[in-house]
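# What the coordinates show
If you want the building blocks of each chain, they are given just below.
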Amino acid sequence: MIVNISKKKMKHLRKKARTPANLRFRDSKVGSECLQCNLPMTKSSPAGEDLSSVTIEHIVPLDPRYGGDSKSSNLEIICFSCNNGRNQYKKKNDDLGIILPDLFWWSSIYHNNHFCKKILLEFFPHEWDELKNFLPRMK
């Protein structure tokens with residue numbers, strides 16, 4: 001079953017993640033390495049202005065089809081480029097009617113962890129390779 005959600009509703013859901021505490025957490029990561037591409041992140045800037053800028057990412061996509069939410073346990077800080085690439089990859093799969101499981105999304109963002117890398121290589125090798133193609137800053 002495909003659930004359609006309005007852009008207005010999605011904007012509202014995304015805005016819920018922008019609490020003062022989450023914005024402080026985001027800003028505390030300036031200068032840290034992006035979990036996704038391992039490159040340094042810069043201060044927050046308007047969307048698309050700086051590919052290295054810190055962004056708040058929903059690990060499991062914020063979408064009724066995926067079940068992701070704006071709780072702090074589902075949020076991570078990554079660079080704009082990786083955030084955008086993950087969103088583009090999700091959209092590509094959505095357009096094909098493919099819903100990837102939470103385990104893929106969690107493992108892909110924490111791929112530097114040995115256990116998560118093993119999950120990606122054993123259970124999602126094709127999907128992981130595809131996602132990496134959407135992440136231009138990935139080393």
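Structural data are supplied above this passage.
Notes on the structure in this doc start here. (Residues numbered from 1 in each chain as written. Predicted model: local features only at pLDDT ≥ 70, side-chain atom pairs only at ≥ 80, totals over all residues. Heavy atoms only, no water.)

## Regarding the pattern of salt bridges
For the coordinates displayed, the defined rule picks out nine salt bridges. The partner of Arg 65 in a salt bridge is Asp 63, with the nearest N and O atoms 2.6 Å apart. Judged by relative accessible area, which is 27%, Arg 65 ranks as partly exposed. Of the charged contacts in the structure, one is a salt bridge between Glu 130 and Lys 92, with a shortest N-O distance of 3.2 Å. Placement of the pair is Glu 130 in helix α6 (residues 125-133) and Lys 92 in helix α3 (residues 80-95), with a sequence separation of 38 residues. (Salt bridge = Lys/Arg side-chain N within 4 Å of Asp/Glu carboxyl O. Buried < 20%, exposed > 50% of the residue type's maximum accessible area, 1.4 Å probe, protein only. Helix = DSSP H or I, 4+ residues; strand = E, 2+ residues; numbered from the N terminus.)

## Some words on the nonpolar core
Counting 26 residues, the largest nonpolar core has Cys 34, Cys 82 and Phe 104 as the members making the most contacts within it. Elements that contribute at least two residues to this core include exactly β1 (54-58), β2 (75-79), α3, α4 (102-109), α5 (114-123) and α6. Broken down by element, this core gets its largest block of residues, four residues, from β2. Discounting residues that sit within four places of it in the chain, Cys 82 has contacts with Cys 34, Gln 36, Cys 37 and Leu 135. (Core = buried A, V, L, I, M, F, W, Y, C linked by side-chain atoms within 4.5 Å. Contact = heavy atoms within 4.5 Å.)

## Things to note about the packing of aromatic side chains
Following the criterion strictly, the structure yields seven aromatic pairs and no others. Summarising the aromatic geometry, the rings of Tyr 89 and Phe 134 are spaced 5.4 Å apart at their centres and angled 55° between planes, so their arrangement reads as tilted. Of the two residues, Tyr 89 sits in helix α3 while Phe 134 sits in the segment after α6, which places them 45 residues apart along the sequence. Under the relative-accessibility criterion, Tyr 89 is labelled buried at 0%. Relative to Phe 124, the ring of Phe 104 has its centre 5.4 Å away and its plane inclined at 70°; by these criteria the two rings are edge-to-face. A residue pair is termed long-range when its members are at least 10 positions apart, and Phe 104 in helix α4 and Phe 124 in the loop between α5 and α6 qualify at 20 residues. Residue Phe 104 is classed as buried on the basis of its relative accessible area of 0%. (Phe/Tyr/Trp six-rings, centres within 6.5 Å; stacked < 30°, edge-to-face > 60°.)

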